[in-house]
Amino acid sequence: MKNNRRKFIQTTALLGASAIFPFQFCKPKKAENLTSEALLGASKGILDDFGIQLYSVKEDMAEDPVATIKAMASYGYTQIEGFDGGKGIFWGMSNREFKALMDDQGLNFIASHANTFQNLEEQAEKAGNIGMKYLICPWVGPQKSMDDFKRLAEEFNKQGEVCNKHGVKFAYHNHGYTFEKLEGQMPQDYLMENTDPELVDFEMDTYWVYTAGEDPIAYIKRYPNRFVLGHVKDKSPDLPFDEANGSIQIGKGIMDFPAILRAGKDNGMEYFIVEQERFEGITPLEAAKQNAAYMKNLIF
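About the criteria used
Residues numbered from 1 in each chain as written. Predicted model: local features only at pLDDT ≥ 70, side-chain atom pairs only at ≥ 80, totals over all residues. Heavy atoms only, no water. Pairing = 2+ DSSP bridges. Helix = DSSP H or I, 4+ residues; strand = E, 2+ residues; numbered from the N terminus. Axes fitted to C-alpha atoms, helices over the stretch in contact; angles between N-to-C directions. Buried < 20%, exposed > 50% of the residue type's maximum accessible area, 1.4 Å probe, protein only. Arc of directions from axis to C-beta. Contact = heavy atoms within 4.5 Å. Core = buried A, V, L, I, M, F, W, Y, C linked by side-chain atoms within 4.5 Å.

Draft legend 1. Expanded view of the sheet that holds strand β3 (residues 108-113). If you walk around this closed barrel you meet the 8 strands as β1-β2-β3-β4-β5-β6-β7-β10, and the pairing is parallel. Averaged over all pairs of adjacent strands, the angle between strand axes in this sheet comes to 30 degrees, irrespective of strand direction. Two strands pair when backbone bridges link them, and strand β1 (residues 51-53) and strand β2 (residues 79-82) are joined in this way by 3 bridges, in the parallel orientation. Bridge pairing in β2 links I52 to I80.

As structure tokens, this is what we get:
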């Protein structure tokens, strides 16, 4: 894996300005054929709905959540994925107050990242009462052994049962650590193959799949209808391959989102959610606006 990353970094340096072009010019070798096939076979489409993960504008949310959410609507987002910024997933409001805010702005509060290991019953009930689709576990951290991941698969099924009881679904959002082999196994594969599809879905963070040296398209095709949500999150061409904080404005990086979204649409991905975590020479709000413009005009 480390040798592959070094080769990638060397290739990116050689490409120079060409590295801003899409994913097929700058990706692990094993992804080349899959991406080319996806491009050749793709029928064109345009997204009617797309969302944003509010963590992309976390500082603005902390200062004024109402104004920030209104700004997201004005940029053209139709869906919101939340997170717990210290005031709960409803930002100090009741669930119905937060839902009313969303409704007033024409937004659909589809999901939220949450600590699903605490007070899940209460969270799921409040989410289900306002028609949210998902509560998402965003992080479990690297584990010491595959036995730990086996226990997590069992726990995810249990959390899925709790959510299902209240009319919402449970999903797990990946980071890179589940795409690093442990004891000869791929933890992500184990989680997907040992959780109940009726209870557990997955949110693919395309950035983390890619920077772990894997191909998002290959994984989407390998597990159709399991990655129901996807983070549209671009990778800077100017930073190391495994940079943890290297996501920039969509369309300015090296990810081939027309091909990735086409694969997603063809394999059961329903929600496409913008996320950005690195901002250089631009504010998070302006980046969110530019990302919305990109998504509106994205043909795949």
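Still to come is the rest of the account.
Draft legend 2. Local environment of helix α4 (residues 65-75). Considered for burial, the residues of α4 that qualify are P65, T68, I69, A71, M72 and Y75. Within α4, the buried residues cover an arc of 155 degrees as seen down the axis, which keeps them to one side. Taken together, the buried residues of α4 touch β1, α3 (58-63), β2, α5 (95-104) and α12 (284-297). G76, located one to two residues past α4, shows a positive phi value of around 115 degrees.

Draft legend 3. Quick look at the nonpolar core. Counting 76 residues, the largest nonpolar core has M72, Y77, L135, F156, L261 and M295 as its most contacted members. Sort the elements by how many residues they give to this core and helix α7 (residues 146-165) lands first, with 6 residues. Discounting residues that sit within four places of it in the chain, F156 has contacts with F117, C137, V140, F170, Y172, L191, T195 and V200. Counting residues in each nonpolar core, the second largest holds 9 residues, with Y134, I136, V228 and I273 among its members.

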